[in-house]
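# What the coordinates show
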2 protein chains.
Amino acid sequence: MMEKRDMLYEGKAKKVFKTDDPNLYVIEYKDDATAFNGQKRDQIAGKGELNNKISALFFELLRSKGLDSHYVKRLSDREQLVRRVTIIPLEVVVRNIAAGSLAKRLGWEEGRELPRPVVEFYYKSDELGDPLINESHIAVLGVATPEQLDDITTQALKINEILTAYLRARNILLVDFKLEFGLDAEGRVLLADEISPDTCRFWDATTREKLDKDRFRRDLGRVEEAYEEVLHRLGGQ
Amino acid sequence: MMEKRDMLYEGKAKKVFKTDDPNLYVIEYKDDATAFNGQKRDQIAGKGELNNKISALFFELLRSKGLDSHYVKRLSDREQLVRRVTIIPLEVVVRNIAAGSLAKRLGWEEGRELPRPVVEFYYKSDELGDPLINESHIAVLGVATPEQLDDITTQALKINEILTAYLRARNILLVDFKLEFGLDAEGRVLLADEISPDTCRFWDATTREKLDKDRFRRDLGRVEEAYEEVLHRLGGQ
Ligand SMILES: Nc1ncnc2c1ncn2[C@@H]1O[C@H](COP(=O)(O)OP(=O)(O)O)[C@@H](O)[C@H]1O
Ligand SMILES: Nc1ncnc2c1ncn2[C@@H]1O[C@H](COP(=O)(O)OP(=O)(O)O)[C@@H](O)[C@H]1O
Ligand SMILES: [Mg+2]
Ligand SMILES: [Mg+2]
């Protein structure tokens, strides 16, 4: 079995640990919740376990559709084994329905369907507040080559198609979501990080009830219950 | 002679008039100065005349290098004759040196040279505060096709090369500038609006003294003198 060793770093939602295999990490999902660049903080009992399970199910779904990621397997209630990558410091956001900052940016009402998916890149920098950037900023920052960006965009749109269809069949609208990609030992662009109610907007397709972190951001209550509902609709427990 | 007729609209810096030729407009440059989305306002005596002359010289320079624009000719101290276009509601910004919002966005100190030009698109909307947008937002808004965007980008980069070389020979650094494009009667993408110290950042190449609207924005004084200095270095009077 894989030996979990030194903690490499602790982020806002997860801890990353080395293992005795230099190409594998263990990710431990925490109950900590933060929003607005860390200004709002709380603990949500059971969130770490729910997100670990939901994320694992999504990565398994993507694998079954031929889309590889850093995910190797789930190890326990809070832990998964992943491949080590060098994270590209971009938050890659795909959107299907106007919400949050997009609704503000374009002046579209929240809930309005976009005629086609929107892909956005945010520079992953807590100091700068994760600013929206474009391809020419990315070239100047040197964080990804144009080829890597194309690869990321293609994968992000494919992931959107797979997740949208899968969730729609479970009466959930995939409003938008954030992905992170990394480079593996061979320099391949690999999906990493997590896919969970912390990083996606999920709405009940009938009632449009929010089943995601917006319940925490906007103080709507019943956060854990919403995350549980998502896990159940995905067939997990 | 062209007959100047009804005013079509009045913007923050210019008035646009119809003529007896439906394909031609007269643009009249005003002395009004605004900044921060209209929050800061003043009059700068002589600015309209200076910007009209500077803009005309730049459009003539571009024409001599094979780059066509809406500019037909200068009619008077404050007026120029232009071709009517349907303005594409994008502010197209090209940057060579970090300054202003780019310095903030990327966390780069003002004055740092960019390894390559940055091209940005802002959605021209006073209500929304001219937000930065990317190609996928533009597709969703439907304000330009991908082909038109490529055309705009190619023209903007060529304009940057022509203006940078020309200004460098006059001891001025072209830090960044904003362009607007429109569609003419045949659907061609044509450079429009103005190119002036209101829409460019010009720095003296030796002293890095600001010779542009930042003198107004940042209350540095001697605004009119700076604009005059630019006109003189361009050989105008
Ligand atoms: N496979 C991986 N290899 C290396 N780092 C990873 C991998 N997957 C995710 N990470 C990184 O783990 C860190 C911890 O995650 P998280 O707590 O969500 O951090 P953050 O506070 O940046 O959101 C993040 O920096 C994330 O990019
Ligand atoms: N050739 C043209 N045909 C039609 N409209 C034009 C042309 N050139 C510039 N305009 C428009 O003229 C308006 C007036 O200019 P300006 O005072 O700078 O306006 P703003 O307040 O939007 O900056 C702007 O909306 C600009 O886009
Ligand atoms: Mg994270
Ligand atoms: Mg203007």
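Computed from a predicted model, the values in this text were never measured in an experiment.

Residues annotated in UniProt with the feature "domain: SAICAR synthetase/ADE2 N-terminal" (unreviewed entry) correspond here to residues 8-233 of chain A. Annotation note: span residues 8-233 of chain A, helix share 31%, strand share 34%, distance between end C-alpha atoms 34 Å.

The subject of this paragraph is the site of ligand 2. Residue and element names in this part refer to chain B. Around ligand 2, a shell composed of 18 residues is seen, among which Lys12, Ala13, Lys14, His70 and Glu180 lie nearest. A distance of 2.8 Å is found between an oxygen atom of ligand 2 and a backbone nitrogen or oxygen belonging to Ala13. Surface burial for ligand 2 is 89%, taken as the share of its 560 Å² of free accessible area covered by protein chains. Secondary-structure elements contributing two or more residues to the shell around ligand 2 are strand E2 (14-19), strand E3 (24-29) and strand E7 (79-83). The residue makeup of the shell around ligand 2, split by class, is 9 nonpolar, 2 polar and 7 charged. Two domains each provide a minimum of three residues to the shell around ligand 2, namely domain 1 (4-83) and domain 2 (86-221).

So, on to the relation of the copies chain A and chain B. Once turned by 180° and shifted 0.0 Å along the axis, chain A lies on chain B with an RMSD of 0.0 Å. Viewed as a symmetry operation, the transformation between the two copies matches a two-fold axis. Minimal C-alpha distance to the rotation axis in chain A is attained by Asn134 of chain A, lying at 3.1 Å. In this assembly, 100% of the residues forming the interface of chain A have copies in chain B that are likewise at the interface, indicating an isologous arrangement.

Let us now look at the sheet that holds strand E7 (residues 79-83) of chain A. All names here are of chain A. Spatially, 5 strands are ordered E1-E2-E3-E7-E6 in an open sheet, and the strand pairing comes out antiparallel. Looking at strand neighbours, the two that pair on one side only are strand E1 (4-10) and strand E6 (71-74), the edges of this open sheet. Direction aside, the axes of adjacent strands within the sheet are offset by 30° on average. Pairing of strand E2 (residues 14-19) with strand E3 (residues 24-29) involves 5 bridges; the strand directions are antiparallel. Its bridge partner lying in E3, Lys15 is registered against Glu28. Strand contacts of helix H1 (residues 47-64): E3, E6 and E7, with the helix running at about 130° to E6, the strand carrying the most contacts.

What counts, and at which threshold
Within every chain, residues take consecutive numbers counted from 1 along the sequence as written. Going through the entries in the order they are written, you letter the chains from A and number the ligands from 1. The predicted nature of this model means local features are confined to residues of pLDDT at least 70 and side-chain atom pairs, given and counted, to a pLDDT of 80 or more, with totals for whole chains, interfaces and linings taken over all residues. Each side-chain value is derived from all of the structure's non-hydrogen atoms; neither hydrogens nor water enter the calculation. UniProt positions are given in the numbering used here, feature names are shortened, and annotations may be inferred rather than shown by experiment. In this description a helix means any DSSP run of H or I spanning at least four residues, a strand means any run of E spanning at least two, and both kinds are numbered starting from the N terminus. Throughout, the term near means that a residue has one or more heavy atoms lying within 4 Å of the molecule or strand in question. For this analysis, a polar contact is any N or O atom pair within 3.5 Å, provided that within protein one partner can donate a hydrogen and the other can accept it, and provided that sequence-adjacent residues contribute only side-chain to side-chain pairs. Under the convention used here, a 1.4 Å probe and the Shrake-Rupley method define accessible areas, while residue burial counts only the protein chains that appear. As a working rule, the residues Ala, Val, Leu, Ile, Met, Phe, Trp, Tyr, Cys and Pro are called nonpolar, Asp, Glu, Lys and Arg charged, and the rest polar, with Gly in that last group. Note: domain ranges come from an automatic or database domain assignment. In superposing the copies, a least-squares fit is computed on C-alpha atoms, taking residues whose pLDDT is at least 70 in both. Contact between two residues is taken to exist if any of their heavy atoms lie within 4.5 Å; hydrogens are not considered. We call two strands paired when DSSP finds no fewer than two bridges between them. Convention adopted: a line fitted to C-alpha atoms gives each axis, helices being fitted over their contacting stretch, and angles between N-to-C directions are expressed from 0 to 180 degrees.

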